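# Reading the structure
The primary structure of each chain is shown beneath.
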Amino acid sequence: MWTKWVLRFLVVLLLLTAVQMVAAQQSTRAEQGLAFLQANNLPPEAFRDLSVAGRDPQAIAAVLVKYGYTSEQVQQFLTPTNIFALSGIVNPGASNKLLSDAMALLAPYKLSVTDLDVLLPLVNNPMAMVEALVKKGLTAEQAQNLLQQAAPLIQDAGNANLLQYAMLTNTLMSSLEKMGIPSNLFFEASPYLNDPAALAAFLQQKGYTDAQIQNIQGAASMMAAQGVTGEKLDSFTIQNMIYRLEGLGLPAQSINEILALGNLEAVKAYLEEKGFDGAALQLALVNIEGVMGTNGEVMNPEKLVAVQSAEAANLLAKAGLTPDDLGDILAVKDDPQALADLLAEKGLASAAADEFVKQLSQSVFAKTVDPENADDFISAVEDTTSDLVDDASGGGDASGGGDASGGDDASGGGDDASGGGDASGGDASGGDASGGGDASGGGDDASGGGDASGGDASGGGDASGGGDDSGG
């Protein structure tokens, strides 16, 4: 039985990993995810509801019943594997590949997605990790071997600023979803995150009860203890929006056009002009709503510029460069040799130049700044740099801590506070399609882009709810 489960789980992991690759030439991640939804007889009208449901099995079950599943089909669909796959489709996020790779390491040891939720917060505590693995049935030797196998993945995740994102996703935000609180509420509330009184006033306006407000304030305190600020939430949201747009087959720089539209109705018209229609359009709308909101309440052009300029100012300062150098850097950022020559001319040693190039490649601003607006962007960076100098005595950078991408390194604990959407169950963007949502959550159709998944068209069938329990 275990062998069959492990083989099936590895199948879904291979599918999820395969769709992470841009070279999946014949289809986007969103198209692969749409195939899973259609194979499991989930209509476009269900996409938004499923996004809002997150990884809560009871909430997912209610959506499935609403759209025609029998009790038996619901039970067959609600495997950990399918929930993992479904979340990566309707709430995709930048840590999808990290979590898929992590599950590939765990599966041979008969560990599941639910085990990952427990283990992920322990990655920076090897002794606690070994103890937890032994409690789950591994020998001490197996636990040590697994840690050695995971070390490169943990290091890469830290370097790419995904570790904090994934950790918070799998703990705090899934807990919020189980309390009926939409995870991307935190992204809409990011300006008030570190001000309890302002946060309470905001939540009261949204219709939350005193008990819910207390729970949310407790979650905000946990996030603050992990070093998560409103600025980091915004950075995580933008990273996930980029991931989702690319999953839809749109370039990263399209974030500027979409955020400038300001509301979902205008975004719908924009997507229709790009050729989206039917179920693909609904999936795209859910995907974008989860990171933008219905009317830009989660992410807007002003927040984007703030994150971009903070990243650039911090990256330049760490390298001993100034905003005056930025125009030259933006001009050659896509030419590795020209960039290397420029950094050498600026006096950066080889190691410092390599680190600068790595951080630049991971930054939001390098992917999203419109070349036509480079002068305006440089002016914004100059203003942010002045603020950095003014605040130097107080410590911390303009981005709320962290490196050029706005994230933390591997020691940072807790992934981004967003919670919605990656394959783990919610990307850091806060990702569900509630758009920040009011106290009721709710939702109709619309989208999420996502990872590939398999399944046949049965909708019920075996443990996958329409395919095998590899789910997708």
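Bear in mind the structure is a predicted one, so any value in this text is a computation, not a measurement. (Residues numbered from 1 in each chain as written. Predicted model: local features only at pLDDT ≥ 70, side-chain atom pairs only at ≥ 80, totals over all residues. Heavy atoms only, no water.)

### Thoughts on the overall build of the protein
In terms of regular secondary structure, the protein is built from 24 helices and zero strands. Looking at the protein as a whole, 55% of its 472 residues are labelled buried. In the protein, of all internal contacts separated by at least 6 residues, the share reaching a separation of at least 24 is 76%. Here the protein displays about 18,300 Å² of accessible surface, and carbon together with sulfur accounts for 53% of that area. (Helix = DSSP H or I, 4+ residues; strand = E, 2+ residues; numbered from the N terminus. Buried < 20%, exposed > 50% of the residue type's maximum accessible area, 1.4 Å probe, protein only. Contact = heavy atoms within 4.5 Å. Areas by Shrake-Rupley, 256 points an atom, 1.4 Å probe, with all protein chains shown as cover.)

### Points about the nonpolar core
Soluble globular proteins: nonpolar side chains tend toward being buried together. The biggest cluster of nonpolar side chains holds 49 residues, and the ones touching the most others in it are Leu37, Ile258, Leu271 and Ile288. Ranked by residues supplied to this core, first place goes to helix α18 (residues 278–292) with nine residues. In contact with Ile258, not counting residues within four places along its chain, are Met241, Leu245, Leu250, Val267, Tyr270, Ile288 and Met292. Grouped together as the second largest cluster of nonpolar side chains are 25 residues, Met129, Ala132, Ala143 and Leu147 included. (Core = buried A, V, L, I, M, F, W, Y, C linked by side-chain atoms within 4.5 Å.)

### What to know about a negative patch on the surface
Together, Glu265, Glu272, Glu273 and Asp277 make up a region of like negative charge exposed at the surface. Residue Glu273 is classed as exposed on the basis of its relative accessible area, which comes to 71%. (Patch = residues over 30% accessible without salt bridge, like charges linked within 9 Å, V, L, I, M, F, W, Y side chains within 5 Å. Salt bridge = Lys/Arg side-chain N within 4 Å of Asp/Glu carboxyl O. Lys, Arg positive; Asp, Glu negative; His and termini not counted. Charge placed at Lys NZ, Arg CZ, Asp CG, Glu CD.)

### Here's the deal with the packing of helix α2 (residues 29–39) against helix α6 (residues 80–90)
With their axes 9 Å apart at the nearest point, α2 and α6 run at an angle of 130 degrees to one another. For the element pair α2 / α6, the angle class is oblique. Crossing of α2 over α6 shows left-handed handedness. Between α2, through Gly33, Phe36 and Leu37, and α6, the contact on the second element is made entirely by Asn82, Ala85, Leu86, Ile89 and Val90. (Axes fitted to C-alpha atoms, helices over the stretch in contact; angles between N-to-C directions. Parallel < 35°, antiparallel > 145°, perpendicular 65-115°, else oblique. Left-handed = near helix turned anticlockwise from the far one by under 90°.)

### Looking at the environment of Thr294
With respect to the secondary-structure elements, Thr294 resides in the loop between α18 and α19 (301–318). Residues Thr294 and Val267, spaced 27 residues apart in sequence, show a C-alpha to C-alpha distance of 9.7 Å. For Thr294, the side chain forms a polar contact with the side chain of Glu289, separated by 3.2 Å. (Polar contact = N/O pair within 3.5 Å; in protein donor to acceptor, adjacent residues only side chain to side chain.)

### As for empty space enclosed by the protein
As enumerated under the stated definition, the model contains one cavity of 30 Å³ or more in all. Its boundaries defined by the atoms lining it, the largest cavity holds a volume of some 230 Å³. Considering the residues around the largest cavity, the lining is formed by 17 residues, among which Ala102, Val123, Met129, Ala150 and Ile154 are closest to the centre. In terms of residue count, helix α10 (residues 140–159) provides more of the lining of the largest cavity than any other element does, six residues in total. Partitioning the lining of the largest cavity into residue classes produces 17 nonpolar, no polar and no charged. (1 Å grid on protein atoms, 1.4 Å probe; cavity = no way out; pocket = protein on both sides within 12 Å on 5 of 7 lines; lining within 4 Å. Points joined across faces, edges and corners; volume = space filled by probe spheres on them. Nonpolar A, V, L, I, M, F, W, Y, C, P; charged D, E, K, R; others polar.)

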